[in-house]
Amino acid sequence: MNLILDGHTYKYELESLANMFFHENKVRVVMEKDFGEKDFLYTFKSALPNGEICLKVSSKIEGKLREETYQKDPKGKDIDRFCEYHLCRMLYLQLVEATGISLAWGMLTGVRPVRLIYRYRERGMDDAQIRAHLHEDYFVTQEKIDLLLETANREKRILDLSRPESCSLYLSIPFCPSRCNYCSFVSHSIERAKKLVPEYVALLIREIEYVAPLVKDLGLRLETVYFGGGTPTAITSEQLEAIICAVERCFDLSHLREYTVEAGRPDTITLQKMDMLKRRGVTRISINPQTMDDAVLEQIGRKHTASQTVEAFDLARRAGHKNINMDLIAGLMGDSLQSFCNTIDQVISLNPENITLHTLSVKRSSRLGQHPKEFNLSEHRRVRDMLSYAGQKFKEEGYFPYYLYRQKNTTENMENVGYCKPGMEGYYNVYIMDETHSIIALGAGGVSKLRRPGETLLHRIFNYKYPYEYIERFDTVLCRKDEIVKFYKCL
């Protein structure tokens, strides 16, 4: 499917919008008006002598031609925003008619839709006006608008706690028991990469020791720590404790609001590890089953069962953990609406403080993205029903949304939402998704995102992606961290 741009360069929004309707057949942006015999999407812009702008969208899908023209004087409005919006609106309505697909998020393509709520409120719009604007102008459903407004209200309280000197710390442990078929993260099977782990741990501690004085000298205030991966608990309890001790020894943790370690895979959880994390001051952990259906677990490449998830959860409770998150995914291969609803019910029965519900995103670097025909994705069209059931069930059981984001290539273009019991929000999740303050990332695949107070643009510092690169080029990793000082000295 070709998307033809004629007289303008509004590539990103139009391409993103078109791709939401053609997951399996990505659109190709072209500037040539070669329509040929195939289906196409054509967008046109022209400025007229009388000051009006002429916009046109034509589409040919399955042999049927649709056309619409919009002509008006922008009257002092930002011309590019005016034109982009109306081209997107015409294209969206034609695609809805042609495909029979009406998207719950309407025309919205951004990954952080909650920001729109803040922006509209800053302009003086009340919730009724925001609701009308999103529904009438962007075709967002009332269900999603409700979700946005509630999330914004809860998230804002966390955002307001951040100060100009605030920062967070992310530590990457890129090892897992096995690689899930949908996974695109930098993670290695612990069995295959076992020989790398001791050196990796030693170098990560050295990076901690190098960066901590920089943070102290700059007067930054560390407020959240997050161990991610991979699966941090895939390494031994002793190795993980050595890293945690280095953080404790090198950083000032007196202002810490939250300390999270992703225990992640239930088959990596032992009572020894849970006791150690609790003893070392970790305040929040994740136990991530993704599904409680054993057949689906097998399809996605997991090596554990649903009963092991329950056992792991019980071990964490025995060790005294009182803030546990559980990750779930809607739209997994082989998952039906009924089995998904059973998963929701089973997880709620465990009574975790947090439940994060993701929608399956098919990434090119995942096994699923590279070999889609190997997997049964026939249940994808039920994802909207899955999310509706989960949202209603969470509300009934006292869970509330506190952060939300969207990803490209997500089934039915749906969202990822963090739900929690009152007062149990995950601070790091909010700060990383909103890009509220600087996140300093250590370890393979880590991307530090530095933000100046009062500004929205980020400066990124990349660590090498794979563990072997991180090990081989570690001196360069440390040199790059000097950019933190340069960034803040320019304030």
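Just above sits the structure.
Small disclaimer: the values here were computed from a predicted structure and weren't measured.

Draft legend 1. Region of interest: the overall build of the protein chain. For the protein chain, the helix and strand inventory stands at 17 helices and 18 strands. Since a compact globule built from 491 residues should have a radius of gyration of about 23 Å, the 24 Å found for the protein chain is in line with a globular shape. Counting only C-alpha atoms and orienting by the principal axes, one finds that the protein chain spans roughly 70 × 55 × 45 Å. Residues classed as buried in the protein chain amount to 54% of the 491 residues present. Restricting to contacts in the protein chain with at least 6 residues of sequence separation, those with at least 24 account for 72%. For the protein chain, the exposed surface amounts to about 21700 Å²; the carbon and sulfur share of it is 49%.

Draft legend 2. Fine view of the pairing of strand S14 (residues 400-406). The buried fraction of S14 is high, at six of seven residues. Where S14 lies against strand S15 (residues 415-420), six bridges are found, and the strand directions are antiparallel. Across the sheet, Pro-401 pairs through a bridge with Tyr-419, a residue of S15.

Draft legend 3. Layout of the nonpolar core. Counting residues in each nonpolar core, the largest one holds 112 residues, and the members touching the most others are Leu-134, Phe-227 and Ile-243. Examining the composition of this core, we find that ten residues originate from one element, helix H6 (residues 197-217), more than from any other. For Leu-134, the residues in contact, after removing those within four places along its chain, are Leu-108, Leu-116, Ile-117, Tyr-120, Phe-139, Val-140, Ile-145 and Leu-148. By size, the runner-up hydrophobic cluster in this structure holds 27 residues, among which are Leu-17, Ile-61, Leu-103 and Met-107.

Draft legend 4. How the structure looks around the packing of helix H3 (residues 114-122) against helix H5 (residues 142-159). Contact geometry of H3 with H5 gives a least axis separation of 9 Å together with a crossing angle of 80°. As summarised for this structure, H3 and H5 are arranged roughly perpendicular, according to the angle between their axes. Across from Val-114, Ile-117, Tyr-118 and Arg-121 in H3, the residues of H5 making contact are Leu-148, Leu-149, Thr-151, Ala-152, Asn-153, Glu-155, Lys-156 and Leu-159.

The rules behind each value
Within each chain, residues carry numbers counting from 1 in the order of the written sequence. Reporting of local features is limited, given that this is a predicted model, to residues whose pLDDT is at least 70; pairs of side-chain atoms are given and counted only at 80 or more, and all residues count toward the totals for whole chains, interfaces and linings. Each side-chain value is worked out from all heavy atoms of the structure, with water and hydrogens disregarded. Numbering of helices and strands runs from the N terminus; a helix is a DSSP stretch of H or I covering at least four residues, while a strand is a stretch of E covering at least two. Between the two quantities, the radius of gyration covers C-alpha atoms and the globule rule is 2.2 Å times the number of residues to the power 0.38. Type-normalised accessible area, obtained with a 1.4 Å probe on protein chains alone, sets the label of each residue: buried when under 20%, exposed when over 50%, and partly exposed for intermediate values. Throughout, a contact is declared for two residues whenever any of their heavy atoms are within 4.5 Å. Every accessible area reported is derived by Shrake-Rupley at a probe size of 1.4 Å, with residue values counting cover from the shown protein chains alone. At least two bridges found by DSSP between two strands is the condition for calling them paired. Among buried residues, those of type Ala, Val, Leu, Ile, Met, Phe, Trp, Tyr and Cys that are joined through side-chain atoms within 4.5 Å constitute a nonpolar core. To define axes, lines are fitted to C-alpha atoms, for helices over the stretch in contact only, and angles between the resulting N-to-C directions are given on a 0 to 180 degree scale. Working definition: roughly parallel below 35 degrees, roughly antiparallel above 145 degrees, roughly perpendicular at 65 to 115 degrees, and oblique for all remaining angles.

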